[in-house]
Every structure is written in C-alpha cells, then in structure tokens.
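Chain residues, written in single-letter form:
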Amino acid sequence: MIKLITNFSEGPIADPNYIKIASSIRAYGTARPFCTAWRQDETLICRIDGNMTLYGDDFDAEEMKKFISAVGAESLSCSVNAAERLGYPYKKYSVLRATRGMAAQADFEPSCDEVYRLLSEGSDGDIALPERTAFIADLSHRIRHGTAIAAVYKSAVCVVPYMTDYGALICGVATEKSARGSGFAGMCVAGTVNRLSRPTFVICSESVIPFYKKFGFSEWGENAEISF
C-alpha cells in the first residue's frame, strides 16, 4: 500500500535518487501542493510539480504504475532496475561518483541571477532550465535550507540542487561559450566536490563521461529517465 509520508528521517544513504527525495523533503516538507512524498514499504516516491523521483527496486509494480498514472506524473527518475520492473520505455544515463576533489578559488555565494545566466548562456540547451523566476525561487529556498549550493569559477558554474548529510547530486555545469576549453568548469566542479566533503554524484550522458573522469569521478551505476 502506498502511503503519504508525514514524518521522515534521513538515512545514511548515498544514492542519487534518494538524495533528490530526502533533500526535497528537508527543503519543502510534504505539506505543499507542489511537493509531496509517499512510501510503499521501503520504496520512496516524491513529486515536485510534475516530476517524480523513485528510490527502491523492490515494490509492487502494478500498484506503482497505477499510482504514477493517477498523480499525473510528467517524468520519472529511477534506477534502471526500477524502470525495467515498471515496463516503461526509458533513456539510460550514467551515474558517476566523485572520488576526489581539489581546492579551487570558486565563489560559493554567487547570486542566483548569475547562476541562471551562466547556465542559460552556456548549456547549449542540454540543461532543462525552468522559467527564470521559478528557478531562482527554488534554488534560493534550497540554499537557505542547507540542501543546495552553487559555485562560480570565473566564467563557469556548478549547481548542486540536492544535498543531504550523506550525499550530493550535481545537476548543472556550464561555461560561457567564449571561455570554452579554459578548464574553468573542471575547476568549478572539482572545487565543489572538495567543498562538499561527502559522496557526490552526477547523472550524465556518455559523451561527457571523459570530462568528469578527468576531474576525479568514476563510474558508479546507471539511472533511468522516463517521460510520460
């Protein structure tokens, strides 16, 4: 049976989907219309607007499919095993985990306006950015609640919108086009990993794996993204 979560205690779990769910609950709770979380035994589900995240592989697939449809999810992030159990078509992405970081003179208190500008100007459309006002409101809220950080190093930006005491997930790295090839993004990422001092993950396409490996990441697993 799927039940609404009203009380939640974070566990010492270093998994990107768990980090997304736990940090969102810490930032927003579960009483807001746009942020709701549920549990089916040991499996966790969280919806932020139309985007859902699922953590766990051992669940009642038929009940879960009906539930996902009933709540009107537009997308679902989960493990590949969970996606296979659900039977939905999915895109597969690599999950990398940082094994080391390095000191970098990054600005860890940039304005959210500057973060958005660098992401929008340097992403080439490969980062799904929400509308500017919504992005700034969400990121600033998460930073205030200790579940996110952002770093700027010269013309590059690294955003970590999901953090718990036991892990972090990088979800936005970009460099202004005029500064591509400068190494700024790598320094920004490596400095962020050093600052976090906890297991840090990134979910990425195969084409950028060499970039992250260059700055101390190694392959950890795979993740599935499902669009409805």
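All of these numbers come straight from a predicted model, not from anything done at the bench.

Let's shift gears to the sheet that holds strand E8 (residues 156-160). Strand order in the open sheet formed by three strands is E7-E8-E11, and the pairing between neighbours is antiparallel. The strands lining the two open edges of the sheet, one partner per strand, are strand E7 (149-153) and strand E11 (172-175). Averaged over all pairs of adjacent strands, the angle between strand axes in this sheet comes to 10°, irrespective of strand direction. Looking at chain direction, E8 and E11 are connected through four bridges and run antiparallel. Paired with Ala156 across the bridge in E11 is Thr175.

Let's shift gears to the side chain of Ser75. Considering the arrangement of structural elements, one finds Ser75 in strand E5 (residues 75-79). The exposure class assigned to Ser75 is buried, which follows from its relative accessible area of 18%. What Ser75 contacts, discounting residues up to four positions off in sequence, is Gly50, Asn51, Met52, Ile226, Ser227 and Phe228.

Here the focus is the nonpolar core. The biggest cluster of nonpolar side chains holds 25 residues, and the ones touching the most others in it are Leu96, Val160, Ile170, Val189, Tyr212 and Phe217. Listed by contribution, the elements that provide at least two residues to this core are strand E6 (91-98), E7, E8, strand E10 (167-170), helix H6 (184-196), strand E12 (200-204) and helix H7 (209-214). If sequence neighbours within four positions are ignored, Tyr212 has contacts with Leu96, Val173, Val189, Val202, Cys204 and Phe217. Counting 20 residues, the second largest nonpolar core, distinct from the first, contains Ile68, Ala82, Tyr88 and Ala224.

Further remarks concern the packing of aromatic side chains. Under the criterion given, the structure shown has 11 aromatic pairs. Between the aromatic rings of Phe8 and Tyr18, the centroid separation amounts to 6.3 Å while the plane-to-plane angle is 40°, which identifies the pairing as tilted. In this pair, Phe8 sits in the loop between strand E1 (2-4) and helix H1 (16-28) while Tyr18 sits in helix H1, placing the two residues 10 residues apart along the sequence. Here the aromatic cluster, defined as three or more aromatic residues joined through ring pairs, consists of Phe211, Tyr212, Phe215 and Phe217. We note Arg85 situated over the ring of Phe59; from NZ or CZ to the ring centre the distance is 4.8 Å.

Attention shifts here to the pattern of salt bridges. Taken as a whole, this structure holds nine salt bridges when the rule is applied. As a salt-bridge pair, Arg132 and Asp113 come within 2.1 Å of each other at their nearest N and O atoms. Placement of Arg132 in helix H5 (residues 132-144) and of Asp113 in helix H4 (residues 112-122) is noted, with a sequence separation of 19 residues between them. A residue is classified by how much of its surface remains accessible, and Arg132, at 39% relative accessible area, is partly exposed. A salt bridge links Arg117 to Glu176, with the nearest nitrogen and oxygen atoms 2.6 Å apart. Taken as a pair, Arg117 in helix H4 and Glu176 in the loop between E11 and H6 lie far apart in primary sequence, 59 residues in all. Judged by relative accessible area, Glu176 falls into the buried class, the value being 16%. Through salt bridges with shared partners, a single network forms among Glu114, Arg117, Glu121 and Glu176.

This next bit is on helix H2 (residues 61-70). Of the residues making up H2, those classed as buried are Ala61, Met64, Phe67 and Ile68. Taken down its axis, H2 places every buried residue within 125° of arc, on the same side. Every exposed residue of H2 that faces more than 90 degrees away from the buried side is listed here: Glu62, Lys66, Ser69 and Ala70. Phi turns positive, to about 75°, at Gly72, one or two residues after H2.

Here the focus is the confidence of the model for the protein chain. Caution is warranted with low-pLDDT regions, since their predicted coordinates should not be read in detail. Per-chain confidence: the protein chain averages 92 in pLDDT, with 97% of residues scoring 70 or above. Averaged over each element, pLDDT in the protein chain is lowest for H6 (91) and highest for E10 (98).

Burial runs high along strand E2 (residues 35-40): five of the six residues are buried. Both E1 and E2 contribute to a ladder of three bridges, which runs antiparallel. In the sheet register, Leu4 faces E2, and the bridge partner there is Trp38. In the sheet, E2 pairs with strand E3 (residues 43-48) via six bridges, with the strands oriented antiparallel.

Calculation rules
Residues numbered from 1 in each chain as written. Predicted model: local features only at pLDDT ≥ 70, side-chain atom pairs only at ≥ 80, totals over all residues. Heavy atoms only, no water. Pairing = 2+ DSSP bridges. Helix = DSSP H or I, 4+ residues; strand = E, 2+ residues; numbered from the N terminus. Axes fitted to C-alpha atoms, helices over the stretch in contact; angles between N-to-C directions. Buried < 20%, exposed > 50% of the residue type's maximum accessible area, 1.4 Å probe, protein only. Contact = heavy atoms within 4.5 Å. Core = buried A, V, L, I, M, F, W, Y, C linked by side-chain atoms within 4.5 Å. Phe/Tyr/Trp six-rings, centres within 6.5 Å; stacked < 30°, edge-to-face > 60°. Lys NZ or Arg CZ within 6 Å of the ring centre and 35° of its normal. Salt bridge = Lys/Arg side-chain N within 4 Å of Asp/Glu carboxyl O. Arc of directions from axis to C-beta. pLDDT = per-residue confidence, 0-100.

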